[in-house]
Every structure is written in structure tokens, then in C-alpha cells.
Amino acid sequence: MLNIDKYDPLVLLPDAPLNTRGIWAKTKKFFDEVSCCIDLDELSVGDCGRLTIKVHDVKFETCFISRNSDRLLVFLCGPGRRDFDKPCFWRSSYSAYFEDSCLYIDDPCNIVHKFSPTFFWGTNNLSYMDCVVEIVDRFKTVFNISNKNIIFIGNSNVGLVAMYCASKFSGCKCMALSPQVNIRIYLKDKNLYENFQNMFDHNFRDKWREEYIDVTDGILADRESQYFITSNLACSFDASQIEYLFKKLNREIKLGFSEINNITFYLSYYKVKQPHLFVPLEPFCRRIYDYFFDKNKKLNYEYDFESLTKEIFWYHKQKDKIQKLTKQDNKKTDQILEYQAIVEDKDKQIKKLKKKNKGSSARLMDKYISQLTLKYTKYGSLLMFIVAIYYIL
């Protein structure tokens, strides 16, 4: 039985490590460009921005942010999308948090089948996961990038794809956020098993697909790459995936940070409206990125789990909670506003008195303000909370 502590994630974001606003202002235009269509073997150093890359006659929508760096971040896109008429570049703003080249690859299956998740499944004769491996391998060759400097990032169903691809580039890095590790278990948990088989005209008993269905053997066999896996166990189907993986590892599940061989886990338990979407944002991913390349920057339970975790999760998911809290505390809020008005008014009076004389009247007024402040001190923390929420939203 897990010992769950309750944490309140409603605190301010930490400062970004870079001038993210300035960088994002320059890079976001690339995602809106008209795409240039090329064959994979035609890719050259000069290619960047929106690219439609053909692999085995399949078109993959991509966006490449090229920078003067020997590292490449590969973002796999497609989880939870609702618009199936155009490419979806998941977490495009993350490119502002890293100084390296960033490659975004969208899942063609989403648009073809008007459905998500599709796991870069492909066709009966071709796995699109392997096409992603080919695309990354081509970028690796053209831009002279070593395996140790490739970082795969994926969330949910493409977290599984990120881990599969990472297992094919020995020595690389991988961040898998709330990932699935076994498609079969996930589809059964979500009552999508038959629908998925019918959609792709596939039988899950086909042995050649097993390494794509269950990626655990691949990542456990790959002892050279570094994997970071985070999951919120309050989500039942995420918990099923972690339970399956830990059973294969023959280990007990532990909340917080833990390291098993070359896999770092961060497991949490937050009961929110959509627990599967309770995933790390940019600063946390940047923290893990730094840890990948410098093990001296150790992950500290007290700082990273207790503090940083609170700061970087999906605050907009807490809007209902905040609004409800505000309604319940209307009376206290009115008292705070009244207090502010009194203090401002008395402050003005003090300034006027001090101009006239610096004697007893001003001292008496200072004493009055001190007493008033003490009277309302108990509302100070609530005032700070409301101000914090205002800046977050």
C-alpha cells in the first residue's frame, strides 16, 4: 500500500533558465510556415522550419529548429489532440527552454484515422515508429550528432514511441512523461482494444508487432541509454503501466525519485480532475535535461519533489478549485480589500501630518497603523495567495 502525502501544487513558477519569451518570439513563426516537401534522403544542412518528409511514401509533418549545437531534442507529437485537420506540434514552446536544435515529428495516423492515440502505429506492413528512427538517424548523420547527444521527449502514447526510438540509439537520452509501456494493457484499460484492432485491421497476436506493443524488453535490454519516466499514479491506467513495468523489474513501486539501473523514475500521486494530464512542464524537463548531462546536479528529494514539483505542473487544471476557493472566501476577501483601503487612506493622512509637523500626531497615527496591521495579519497569507494566483492565470 502506497503512503501518499498531499501536496498543494498552487505556487508560482520558478524563473526560466533562459530568456524564454524572447527566444519563443523568434522561433514560433517556424511552426506556422508553409511546409516544404522533401524525400528523407534529400535532407541537407540548410533545411529547417516546416518540413514534410517522405519516408517509404509516407508523409511526416515536422518542424526543425536548427541551432549551432551538437545536441538534438526530438519531440514526438500527437497525444490527446482534438484537431485532426492539421499538424499538431506538441509542446512547441519548449524549444525556448533549450539552446539545442529541436525536431518535432507529428503522428500521421492521427490525421488519417481522425483519432488519438495511435502510437505512430502505421500499416500492416510498416511501423511508423521505425520511420521515426530513420528520420532521426538521417538528422544525426547530416548534422553530425552523436547518440549521446540525442534526447527523445514524449508524453502519453508518444512517450512509448520515445522509449522505443531511444532503445534504437544506444547511449541516447529519453524523457517519457506519463507514458504507456504496453499498448495492449492500455487499450484494454480504456475499452479501446477492439476498436484499435479494427481501425488498423490488425490482430494483436501477430508476433512481429510485439516489440512495438510492449517496449519494456527493449528499454530494459538497453543499458547504455538514460531514461527518465514520470507518472501520476492517481490515474488508474497510468498506474497499470507502472505496475507492469515494475513487475518486470522485480521492484516495489516507490513515490518520489528513484533510480533503477539506467532508468530514473519520478512517481507522484495527485488526485486532480484529469490525473493523466498532470505532467511536468518546461522547467522540470529542463532540470532533468541538466541532470542527464551532469550527474553532479543530483536530483534532491526535498527540493525537486517537495518544491519544484509544485511549481511546474498544470496550473490551469486548478482553475475550478481556485474559483471555488475564492467564492468560499468572499467575506475574507472583502475584509482584505477594506483593510487595504484603510491603510492607503491612513498612509495619506500620515504623509500630510508629517509635512505639517513631525510631532505627536504623526507618532500616534503610526501606532494606529501598526495596530491595524496586527489586526489583519491573519489575512496576509490569503492576500499573498490571491496575488500569486492572479499572476499565474
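In the block above lies the structure referred to throughout.
A few points on the structure. None of these values were measured; they are calculated from a predicted model. (Residues numbered from 1 in each chain as written. Predicted model: local features only at pLDDT ≥ 70, side-chain atom pairs only at ≥ 80, totals over all residues. Heavy atoms only, no water.)

## Quick word on the state of the cysteines
Piece 1. Within the structure shown, the criterion is met by zero disulfides.
Piece 2. Cys 77 carries a free sulfur, and the closest cysteine sulfur to it, the one in Cys 88, is 6.4 Å from it.
Piece 3. On the basis of relative accessibility, which here comes to 0%, the residue Cys 77 falls in the buried class.
Piece 4. Cys 131 takes part in no disulfide bond, and the closest cysteine sulfur to it belongs to Cys 109, at a distance of 9.5 Å.
Piece 5. The class for Cys 131 is buried, based on a relative accessible area of 0%. (Disulfide = S-S within 2.5 Å. Buried < 20%, exposed > 50% of the residue type's maximum accessible area, 1.4 Å probe, protein only.)

## Regarding the pairing of strand 9 (residues 256-260)
Piece 1. Most of strand 9 is tucked away, with four of its five residues classed as buried.
Piece 2. Pairing of strand 9 with strand 10 (residues 263-268) involves five bridges; the strand directions are antiparallel. By the bridge assignment for strand 10, Ile 260 is matched with Ile 263.
Piece 3. Where strand 9 folds back on strand 10, the antiparallel hairpin that results is connected by two residues, among which Asn 261 adopts a positive phi of roughly 55°. (Helix = DSSP H or I, 4+ residues; strand = E, 2+ residues; numbered from the N terminus. Pairing = 2+ DSSP bridges.)

## Description of the pattern of salt bridges
Piece 1. Under the defined criterion, the tally for this structure stands at seven salt bridges.
Piece 2. Between Arg 50 and Glu 61 there is a salt bridge, and its shortest N-O distance comes to 2.9 Å. With Arg 50 in strand 2 (residues 49-55) and Glu 61 in strand 3 (residues 58-65), this pair connects stretches of sequence that are 11 residues apart.
Piece 3. According to the relative accessible area criterion, Arg 50 is buried, its value standing at 7%.
Piece 4. Residue Glu 99 pairs with Arg 286 through a salt bridge whose shortest N-O separation is 2.8 Å. Of the two residues, Glu 99 is situated in the loop between strand 4 (72-77) and strand 5 (101-106) and Arg 286 in helix 10 (residues 282-293); the sequence distance between them amounts to 187 residues.
Piece 5. Judged by its relative accessible area of 39%, Glu 99 is partly exposed.
Piece 6. Taking relative accessible area as the criterion, Arg 286 reaches 11% and is therefore assigned buried. (Salt bridge = Lys/Arg side-chain N within 4 Å of Asp/Glu carboxyl O.)

## Comments concerning the nonpolar core
Looking at soluble globular proteins, one finds that nonpolar side chains tend to be buried together.
Piece 1. In terms of nonpolar packing, the biggest core is built from 72 residues, with Ile 105, Phe 120 and Phe 152 touching the most fellow members.
Piece 2. A per-element tally of this core places helix 3 (residues 128-142) first, with nine residues. (Core = buried A, V, L, I, M, F, W, Y, C linked by side-chain atoms within 4.5 Å.)

## Some thoughts on helix 9 (residues 236-249)
Along an α-helix, residues three or four positions apart point the same way, because every turn accommodates 3.6 residues.
Piece 1. With 14 residues, helix 9 should reach 20 Å at 1.5 Å per residue; the first-to-last C-alpha distance of 20 Å fits that figure.
Piece 2. Every buried residue of helix 9 is listed here: Phe 237, Asp 238, Ala 239, Gln 241, Ile 242, Leu 245, Phe 246 and Leu 249.
Piece 3. Check the buried side of helix 9 and you find it contacts helix 5 (183-189), helix 8 (216-221), strand 8 (226-232), strand 9 and strand 10.
Piece 4. Asn 250 occupies a position one or two residues after helix 9 and carries a positive phi of about 60°. (Expected span 1.5 Å × (residues − 1). Contact = heavy atoms within 4.5 Å.)

## Let's talk about the sheet that holds strand 9
Piece 1. Pairing is mixed across the open sheet formed by 10 strands, whose spatial order is 1-2-3-5-4-6-7-8-10-9. A strand with exactly one partner marks an edge of an open sheet, and here the two such strands are strand 1 (36-39) and strand 9. Averaged over neighbouring strand pairs, the angle between their axes works out to 20° when direction is ignored.
Piece 2. Relative to strand 5, strand 3 runs antiparallel, the two being bridged by four bridges. When the sheet's bridge partners are listed, Cys 63 is paired in strand 5 with Tyr 104.
Piece 3. With respect to the sheet, helix 4 (residues 157-166) is in contact with strand 4, strand 6 (150-155), strand 7 (173-177) and strand 8, its orientation differing from that of strand 6 by roughly 155°. (Axes fitted to C-alpha atoms, helices over the stretch in contact; angles between N-to-C directions.)

## Here's the deal with the side chain of Gln 241
Piece 1. Within the secondary structure, Gln 241 sits in helix 9.
Piece 2. A polar atom in the side chain of Gln 241 sits 2.8 Å from the backbone nitrogen of Asn 182.
Piece 3. Beyond its immediate stretch of four places on either side in the chain, Gln 241 contacts Pro 179, Gln 180, Val 181, Asn 182, Ile 185 and Tyr 186. (Polar contact = N/O pair within 3.5 Å; in protein donor to acceptor, adjacent residues only side chain to side chain.)

## Details of the packing of aromatic side chains
Piece 1. Tallying each qualifying case throughout the model produces 21 aromatic pairs.
Piece 2. Aromatic side chains Phe 31 and Tyr 104 sit 5.1 Å apart centroid to centroid with 85° between the ring planes, which places their arrangement in the edge-to-face category. Placement of the pair is Phe 31 in helix 1 (residues 20-31) and Tyr 104 in strand 5, with a sequence separation of 73 residues. The same class applies to Phe 31 and to Tyr 104, which are both buried.
Piece 3. An aromatic cluster is defined as three or more aromatic residues linked by ring pairs; in this entry it consists of Phe 119, Trp 121, Tyr 186, Phe 196, Phe 200 and Phe 237.
Piece 4. One Lys or Arg, Arg 71, reaches over the ring of Phe 293 and ends 3.6 Å from the middle of that ring. (Phe/Tyr/Trp six-rings, centres within 6.5 Å; stacked < 30°, edge-to-face > 60°. Lys NZ or Arg CZ within 6 Å of the ring centre and 35° of its normal.)

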